[in-house]
Amino acid sequence: MLILGLVCHHWYYATHRPKLRTHLKLMIKTKTGKTRAGFEKLKTWLESFEEDELKYLRHLSFVNFSNHLTKSFALLLECKFSLAHLEIMTSQMGNMTLWKKFVSTLCPKLASFTANGFTFSHKALNDLLQIETLTKLVIHDSGPVRSSIDWSLAKNLDHLDIYYSAQSPPLAGAEIELLKLKLPKLKFLQLANIVISERGIARELERAQRGEVELDGFPNLRFLSLRRSFITANNSVDALLFLIGKSDLIDTIDLQGCDRFDYSDLLVALGPLSGRPTLKTLDLTGIDARAGFCDFFRTNGMEVKLNDLTVSTNKTNLKSAELFEHFITSMILNNKYLKKLNISKTNIENVQLRRLLKCNKNLETINLTGCYGAPRGWRREVSRSEFETLRRLCKKK
């Protein structure tokens, strides 16, 4: 028992060394939706820490703090630590003075900030963007984000993820002004379900073409998602030209639900797919196929190294043969790189589907969800092992 007691004694002191306290996740649990009782317990616990007991803290997370975040910040300001990562979920911040003090005092070397369900003033982002060490910013269903924000303040930002699951009333009006998004070090950019303003982009592109200005673009960009975002100007191709005109290293483009674009716009902005050897994933769900579809997928015998392609759309004035015969011949036939193909909600018919199933031995899956030209029971994702069975059924149909 004496030895056991000594072991427990040494273990206690070993595990309570301040250097081990680098991560702290604070969460208020509640079954009724009321968080006051939980916060009072948390407050007592936070007040028990000595001034330098959390000096090695680098990762801090707040979850479900509701309107108690301000008081929590005030308590933590008495501690001495410098955060590298800050996460705030399902909370709200109203006192901007305290926010500014918290960021300047405890986050001078912050590398990443993540918000999910966090309601705050759009001015709070400016305080974060001015941190020189900030490289990652994730904002999901938080904000709102306003067009007045000057993103170019974040000179070292390489990951910007702004995502809204829906245009909810509290966050309505979230908007990004592209001209202010001058972040040449970006590698990851997602602007989902948000208004994208092209104000001034056309004029800037014209000036760059005349050699009056030099546009940095996004030369390091690997991932771009504009999923369900809304382009406010009529000439929507300008947004794509600005974002991917100089992004030669990009490997993923997600334009799902961007119905203001058509395939002619994509051809202007992206150029021929054979000229994008690094591009592996392309999601064009909902893109208008009434203009430029065949031209965009014309490869002229050149290799296209896409692994995952989605062309799901019901916006077309072409019949199945006009839409898919050229597409299959140019894009799918003997393409050794393509593994996944999604043509859901298209008007593909029996003859073209049968040819598609036979023309490429490297395809692993084909998504036929909502394709009423496919046999009943097969309007789903079909795997390679089912191709021959489906092809025989198409022949009988």
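Described in the following lines is the structure provided in the data block. Everything quoted here is computed from the prediction, not taken from an experiment.

## Re the side chain of Ser-229
Within the secondary structure, Ser-229 sits in the loop between strand S10 (223-225) and strand S11 (230-231). Among the residues examined, Ser-229 registers a relative accessible area of 5% and is labelled buried. Here the side chain of Ser-229 touches Leu-191 through a polar contact of 2.4 Å, landing on its backbone oxygen. Excluding residues that lie within four positions of it along the chain, Ser-229 makes contacts with Leu-191, Ala-192, Asn-193, Ile-194, Ile-196 and Cys-258.

## A short note on the side chain of Ser-320
With respect to the helices and strands, the residue Ser-320 is situated in helix H10 (residues 320-332). One polar contact links the side chain of Ser-320 to the main-chain amide nitrogen of Glu-349, over a distance of 2.9 Å. Looking at Ser-320, its side chain comes within polar contact range of the side chain of Gln-352, at 2.7 Å.

## Observations concerning the layout of surface pockets
A volume near 200 Å³ is recorded for the largest pocket. Around the largest pocket, the lining residues are Leu-205, Glu-206, Ala-208, Gln-209, Leu-215, Gly-217, Leu-241, Phe-242, Gly-245 and Lys-246. Those elements that provide at least two residues to the lining of the largest pocket are helix H6 (201-209) and helix H7 (237-244). Examining the composition of the lining of the largest pocket, we find that four residues originate from one element, H6, more than from any other. The class makeup of the residues in the lining of the largest pocket is five nonpolar, three polar and two charged. Considered as a void within the structure, the second largest pocket measures approximately 160 Å³ in volume. Taken together, 13 residues line the second largest pocket, and the ones lying closest to its centre are Met-302, Glu-303, Val-304, Leu-333 and Asn-335.

## Some points on the nonpolar core
Trp-151, Phe-297 and Phe-327 are the most contacted members of the largest nonpolar core, which totals 120 residues. Broken down by element, this core gets its largest block of residues, six residues, from H10. Contact partners of Trp-151, with chain neighbours within four places excluded, come to Leu-125, Leu-129, Leu-137, Val-145, Leu-160, Ile-162, Ile-176, Lys-180, Leu-181 and Leu-183.

## Some points on empty space enclosed by the protein
Under the criterion given, the structure shown has one cavity of 30 Å³ or more. Taken as a whole, the largest cavity spans an internal volume of roughly 30 Å³. If you list the elements that add at least two residues to the lining of the largest cavity, you get strand S4 (112-119) and helix H5 (123-129). When residues of the lining of the largest cavity are assigned to their parent elements, the largest contribution, three residues, is made by H5. Partitioned by chemical class, the residues of the lining of the largest cavity number seven nonpolar, no polar and no charged.

Thresholds applied
Residues numbered from 1 in each chain as written. Predicted model: local features only at pLDDT ≥ 70, side-chain atom pairs only at ≥ 80, totals over all residues. Heavy atoms only, no water. Helix = DSSP H or I, 4+ residues; strand = E, 2+ residues; numbered from the N terminus. Buried < 20%, exposed > 50% of the residue type's maximum accessible area, 1.4 Å probe, protein only. Polar contact = N/O pair within 3.5 Å; in protein donor to acceptor, adjacent residues only side chain to side chain. Contact = heavy atoms within 4.5 Å. 1 Å grid on protein atoms, 1.4 Å probe; cavity = no way out; pocket = protein on both sides within 12 Å on 5 of 7 lines; lining within 4 Å. Points joined across faces, edges and corners; volume = space filled by probe spheres on them. Nonpolar A, V, L, I, M, F, W, Y, C, P; charged D, E, K, R; others polar. Core = buried A, V, L, I, M, F, W, Y, C linked by side-chain atoms within 4.5 Å.

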